[in-house]
Amino acid sequence: MACPINEEELKKLKVFVDVCSANPVLLNLPQLSFFKAFIEKMGGRVPSDSSFSPPPPQPQPQPAAAEADSEPDSFSESEEKIESEPESDIDIDREGCVEPDTVNDTQKMGDVAKTPTEEEQDQASDIRAKANSAYSQQNFDEAISLYTDAIQLNPTNALFYAKRGQAFLKLSRPNACIKDCNRALELNCDSAAAYKFRGRANRLLGNWEDSAKDLRQACKIDFDEEADEWLREVTPNAKKIEVHRVKQERRKAEKELRERQERVKRAQKANEKAKAKASKQAKKEPSGMGGMGGMPFSNPEILEAFKDPEVSAAFQDIMTNPGNIMKYQNNPKVMKLVTLVGQSMGGMGGMGGMGGMGGMGGMPNFGGDATGGPKRSTDFQDDGLD
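Residues numbered from 1 in each chain as written. Predicted model: local features only at pLDDT ≥ 70, side-chain atom pairs only at ≥ 80, totals over all residues. Heavy atoms only, no water.

Trainee: I'd like a rundown of the overall build of the chain, residues and numbers included.
Mentor: Of the regular secondary structure elements, the chain holds 13 helices and zero strands. Tracing the chain from N to C terminus, the helices and strands come up as α-α-α-α-α-α-α-α-α-α-α-α-α. Counting contacts in the chain only where the partners sit at least 6 residues apart, residues at least 24 apart contribute 56% of the total. Surface accessibility of the chain: about 26,000 Å² in total, with carbon and sulfur atoms responsible for 51%. (Helix = DSSP H or I, 4+ residues; strand = E, 2+ residues; numbered from the N terminus. Contact = heavy atoms within 4.5 Å. Areas by Shrake-Rupley, 256 points an atom, 1.4 Å probe, with all protein chains shown as cover.)

Trainee: Go over unusual backbone geometry with me, naming the residues and quoting the values.
Mentor: A positive phi angle, close to 65 degrees, is found at Q138, a residue other than glycine. With respect to the secondary-structure elements, Q138 resides in the loop between α4 (118–136) and α5 (140–153). Unusually for a residue other than glycine, S172 sits at a positive phi of about 55 degrees. Here S172 lies in the loop between α6 (158–170) and α7 (174–187).

Trainee: Talk me through the side chain of S191; I want residue IDs and the actual numbers.
Mentor: Structurally, the position occupied by S191 is in the loop between α7 and α8 (192–205). With a relative accessible area of 8%, S191 lands in the buried category. At a separation of 3.2 Å, a polar atom in the side chain of S191 contacts the main-chain amide nitrogen of A194. (Buried < 20%, exposed > 50% of the residue type's maximum accessible area, 1.4 Å probe, protein only. Polar contact = N/O pair within 3.5 Å; in protein donor to acceptor, adjacent residues only side chain to side chain.)

Trainee: So what's going on with the pattern of salt bridges? Residues and values would help.
Mentor: Counted under the stated rule, the structure contains 18 salt bridges. Measuring nitrogen to oxygen at the nearest pair gives 3.1 Å for the salt bridge that ties K196 to D224. Placement of the pair is K196 in helix α8 and D224 in the loop between α9 (208–221) and α10 (225–284), with a sequence separation of 28 residues. Notably, a salt bridge pairs E226 with K196, separated by 2.9 Å at the nearest N-O pair. On the criterion of sequence distance, the pair formed by E226 in helix α10 and K196 in helix α8 is long-range, its members being 30 residues apart. (Salt bridge = Lys/Arg side-chain N within 4 Å of Asp/Glu carboxyl O.)

Trainee: An account of the environment of T156 is needed here, citing residue identities and associated values.
Mentor: Looking at the element boundaries, T156 is found in the loop between α5 and α6. A relative accessible area of 34% means that T156 is categorised as partly exposed. In this structure, the C-alpha to C-alpha distance between T156 and L187, residues 31 residues apart in sequence, is 6.8 Å. Polar contacts involving the side chain of T156 include one to the side chain of N154, which spans 2.8 Å.

Trainee: I'd like to hear about a negative patch on the surface, residue by residue, with values.
Mentor: Together, E118, E119, D122 and D126 make up a region of like negative charge exposed at the surface. When you line up the elements, E118 lands in helix α4. (Patch = residues over 30% accessible without salt bridge, like charges linked within 9 Å, V, L, I, M, F, W, Y side chains within 5 Å. Lys, Arg positive; Asp, Glu negative; His and termini not counted. Charge placed at Lys NZ, Arg CZ, Asp CG, Glu CD.)

Trainee: Pulling in residues and values, what's your account of the state of the cysteines?
Mentor: In the structure shown here, the tally under the stated rule is zero disulfides. Unpaired in this structure, C181 has its nearest cysteine sulfur neighbour in C177, at a distance of 3.9 Å. (Disulfide = S-S within 2.5 Å.)

Trainee: Please set out the confidence of the model for the chain residue by residue, giving values where relevant.
Mentor: A residue-level look at the chain finds 74% of positions with pLDDT of 70 or above and a mean pLDDT of 78. This stretch, residues 63–88, has a pLDDT under 50; its non-local contacts, to residues over four places away or in other chains, come to 21 contacts. Residue range residues 287–296 is modelled with pLDDT below 50. Its contacts to residues more than four positions away, or to other chains, number 25 contacts. (pLDDT = per-residue confidence, 0-100.)

Trainee: Break down α6 for me, with residues and values.
Mentor: Over its 13 residues, α6 extends 19 Å from the first C-alpha to the last, a length consistent with the 18 Å expected when each residue adds 1.5 Å. Among the 13 residues that make up α6, ten are buried, leaving the element largely enclosed by the rest of the structure. Each element contacted by the buried residues of α6 is listed here: α4, α5, α7 and α8. If you check the start of α6, you find a side-chain oxygen 3.0 Å away from the backbone N of L159, and it comes from N157. After α6 finishes, the residue S172 shows a positive phi value of roughly 55 degrees. (Expected span 1.5 Å × (residues − 1).)

Trainee: So, the nonpolar core: which residues are in play, and what are the values?
Mentor: Counting residues in hydrophobic clusters, the biggest one holds 34 residues, and the most contacted among them are L169, C177, A184, A194 and F197. Secondary-structure elements contributing two or more residues to this core are α4, α5, α6, α7 and α8. Per-element accounting of this core gives the leading share, eight residues, to α5. In this structure, F306, F315, L340 and V341 belong to the second largest nonpolar core, which totals 16 residues. (Core = buried A, V, L, I, M, F, W, Y, C linked by side-chain atoms within 4.5 Å.)

Trainee: Kindly report on helix α12 (residues 309–320), identifying the contributing residues and their values.
Mentor: Compared with the 16 Å implied by 1.5 Å per residue over twelve residues, the 16 Å span of α12 between its first and last C-alpha is a close match. Of the residues that open α12, the one with a side-chain oxygen 3.0 Å from the backbone nitrogen of E310 is D308.

Trainee: Talk me through a nonpolar patch on the surface; I want residue IDs and the actual numbers.
Mentor: Side chains of I5, L10, L13 and V17 sit close together on the surface and give an oily, nonpolar patch of about 280 Å² of accessible area. Relative to the helices and strands, I5 is located in the segment before α1 (7–22).

Trainee: Which residues make up the packing of α7 against α8, and what are the values?
Mentor: Helix-helix packing: each pair is described by the crossing angle between the helix axes and the interaxial distance. Direction vectors running N to C along α7 and α8 enclose 155 degrees, while the axes themselves pass 9 Å from each other. Classified by the angle between their axes, α7 and α8 sit roughly antiparallel to one another. Crossing of α7 over α8 shows left-handed handedness. Contacts from P174, N175, C177, I178, C181, N182, A184 and L185 in α7 reach A194, Y195, F197, R198, A201, N202, L204 and L205 in α8. By residue class, the composition of the contact of α7 with α8 is twelve nonpolar, three polar and one charged. (Axes fitted to C-alpha atoms, helices over the stretch in contact; angles between N-to-C directions. Parallel < 35°, antiparallel > 145°, perpendicular 65-115°, else oblique. Left-handed = near helix turned anticlockwise from the far one by under 90°. Nonpolar A, V, L, I, M, F, W, Y, C, P; charged D, E, K, R; others polar.)

Right under this line is the structure:
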C-alpha cells in the first residue's frame with residue numbers, strides 16, 4: 001500500500017514527533033488536542049504538566065588521549081571529586097557573642113620591672129578594696145580606673161590585672177580583658193581567676209576551643225561553679241570545631257600522601273623512559289663493531305666512517321676473516337678506516353675479540369702500505385737469470 005503523504009510532509013511529521021517525544025507535555029496544548037486524543041485512543045498516555053520530568057542529560061563521551069603522557073594522573077578524578085565536595089557547615093550557636101573591641105594605650109599595664117615598697121603595696125591594697133566596692137555597685141568604669149591606680153603602685157600583683165579584666169568583661173571589652181589576663185598569667189601561671197576571665201572573654205569572641213581550654217584549666221586549678229557552668233556552655237561548640245578540624249587535617253594528610261605517591265610514580269616512569277631512550281640510542285650507535293667486544297672509539301673520524309654502510313659492512317667482513325682485507329686494498333675509504341682503527345688501538349696489546357687478527361697493536365699493513373697499495377721493496381735481489 002502506497003503512503004498517502006509525500007516525502008516533504010513526512011519530514012515535517014517526523015520533526016513534530018521528535019519534538020513531542022522530547023517534551024510530551026506539549027501535547028496538553030489546546031492546539032494539539034487532536035493528536036493527544038489520537039494517542040489516547042491508541043492506548044497511549046500523555047503525561048500532565050506536573051507529572052512529567054525531563055530525562056537526565058546523557059554524559060558526553062570524552063575524547064581519548066593521543067599519547068600516554070597526556071592521560072590524567074591516576075588520582076586526579078578522585079582528587080577533583082574530593083576537592084569539589086562542599087565542606088559540611090558547622091552548626092555553631094553564636095548567641096551571646098560580641099563584636100571585637102579595640103585595645104588602645106589607655107589600658108595602662110604598669111612597669112613589671114618596678115619593685116614596689118611596702119607603703120606602695122599597702123596603698124595599692126586599699127585602692128583595690130575601693131575598686132571591689134565600685135565593681136559590686138556595677139560602677140565598672142570607676143572600678144577599672146581604681147584597679148589601674150593600684151596597678152601603677154604595685155604592677156607585680158597578678159590579681160589586680162585579673163580583676164580589672166573582669167571589669168572589662170562587664171563592659172563587653174573581651175580583648176582588653178584578654179590583655180590583662182595574659183599579663184596576670186605572666187606574673188602567676190597558676191592564676192585561676194585569669195584563666196576563668198580569659199576563658200569567658202574568648203567565649204564572647206566566639207573562640208570556642210580557646211575558651212574551653214582556659215575554663216578547663218581554671219576549674220583544674222581551683223574549681224569554681226561559675227567557671228564550670230561557662231565550660232559546659234562552650235563545650236558543644238568546641239567539640240564540633242575540634243571534630244571538624246581533625247577531619248580537615250586527615251583530608252589534608254591523605255591529599256599530601258596521594259600527591260607524594262604520584263610524584264614517586266611520575267619519577268619512576270620518567271626513569272623508565274630515560275632508560276628506554278638510552279637503550280634505543282645505544283642500539284643506533286656503533287658499539288660492538290663486530291668481534292671487538294664493544295671497544296669504544298673517541299676518534300670522530302672513525303665514528304663518521306662507520307656511518308657509511310659500505311665501509312661498515314666491509315669492516316665487519318674483515319673482522320670475520322682478517323684475510324678478507326685483501327679484497328678492499330683498492331678501496332681507500334675502507335683502508336683508511338682500518339688504518340685509523342689500528343692507530344687508535346696501538347699499544348693495547350692486540351684487539352682481542354677481532355679473532356685471528358692477533359696483536360694488532362698498530363694495525364699491520366697486511367701486505368700493503370697505509371693507503372692500501374702493494375708494498376714496494378727497496379732492496380735489489382739477483383734471481384740468477386740474465
